[in-house]
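What follows is each chain in one-letter form.
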Amino acid sequence: VFTLLPHAFAWLTERRPLAAVLGTELELRLFNYRDFTPLAGGQVDDEPYGGGAGMVLRVDVVCAALEAVYGGHAGRRIVALTPQGQQLEQELVEELAGEEALTILSARFEGFDERILEHAATDAVSIGPYVLSGGELPAMVLLDAVARRLPGAMREESGAYETFSAAFEGGLEHPHYTRPAEFRGWRVPDVLLSGNHAAVEEWRRSQRRARSLP
Ligand code: ADE
């Protein structure tokens, strides 16, 4: 991950799913663009050509950082996070989780110099149709989504894989309930308390179907 705020990622590495796969399935390296900038004073951004508000992350800075880390032979997926990118969906998550190596570029300010997206990155990805103040949260979203697809990321009994495969098949998950069976008159559906596993599975299937209708 290339970012101007590497420390922002600390908590993510301490929690599942990342904590479970770090050092085994996943090696996470955080790089600060500022540590690689060829410009004086740690400069990484600049005013937009043609005028306008905000600052733009420079292409020479991003390329210097990539080349310092990968020696000019990246040969890997390099995903730049930008609201103008392809919208992130589970299918792309699955694809990226299958990659041997993955680089994530995050930006602050007004975003990337367009040449970064055209020439340095292989993919431009948006986490949704809204604009955030920086790419760190999107980078964490992508990291979480990818990490939980790696072997050993989730507790076996959590059912996360089933949840996922359901989501991946284009559907949504059935609702979950836990104790107490009744709270302020709000009752758990009787079928879940019935002990009838076949009936429970049928109910869950119908719930998934109903939720997944367009
Ligand atoms: N940077 C700012 N907003 C974003 C978004 N929605 N997706 C990815 N990167 C972003």
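Relevant structure appears above.
Residues numbered from 1 in each chain as written. Predicted model: local features only at pLDDT ≥ 70, side-chain atom pairs only at ≥ 80, totals over all residues. Heavy atoms only, no water.

Asker: So what exactly am I meant to see when it comes to the site of the ligand here?
Answerer: Lining the immediate environment of the ligand, one finds Leu 81, Thr 82, Pro 83, Val 125, Ser 126, Ile 127, Gly 128, Tyr 130, Val 131, Leu 132, Gly 134 and Pro 138. Within the backbone of Thr 82, one N or O atom sits 3.3 Å away from a nitrogen atom of the ligand. Within the contact set of the ligand, a nitrogen atom lies 3.0 Å away from a backbone nitrogen or oxygen of Ile 127. For the ligand, the protein covers 96% of the area, taking 260 Å² as the surface of the free molecule. Of the residues forming the shell around the ligand, the biggest block, three residues, is contributed by strand E5 (residues 77-87). Partitioning the shell around the ligand into residue classes produces eight nonpolar, four polar and no charged. (Near = heavy atom within 4 Å. Polar contact = N/O pair within 3.5 Å; in protein donor to acceptor, adjacent residues only side chain to side chain. Areas by Shrake-Rupley, 256 points an atom, 1.4 Å probe, with all protein chains shown as cover. Helix = DSSP H or I, 4+ residues; strand = E, 2+ residues; numbered from the N terminus. Nonpolar A, V, L, I, M, F, W, Y, C, P; charged D, E, K, R; others polar.)

Asker: Help me understand the nonpolar core in this model?
Answerer: Here is a general trend for soluble globular proteins: nonpolar side chains tend to be buried in one another's company. In terms of nonpolar packing, the biggest core is built from 26 residues, with Leu 81, Leu 88, Ile 104, Leu 142 and Leu 143 touching the most fellow members. Those elements that place two or more of their residues in this core are helix H2 (18-21), E5, helix H4 (90-97) and helix H6 (136-147). Per-element accounting of this core gives the leading share, seven residues, to H6. In contact with Leu 142, not counting residues within four places along its chain, are Val 79, Leu 81, Leu 88, Leu 96 and Ile 104. (Core = buried A, V, L, I, M, F, W, Y, C linked by side-chain atoms within 4.5 Å. Buried < 20%, exposed > 50% of the residue type's maximum accessible area, 1.4 Å probe, protein only. Contact = heavy atoms within 4.5 Å.)

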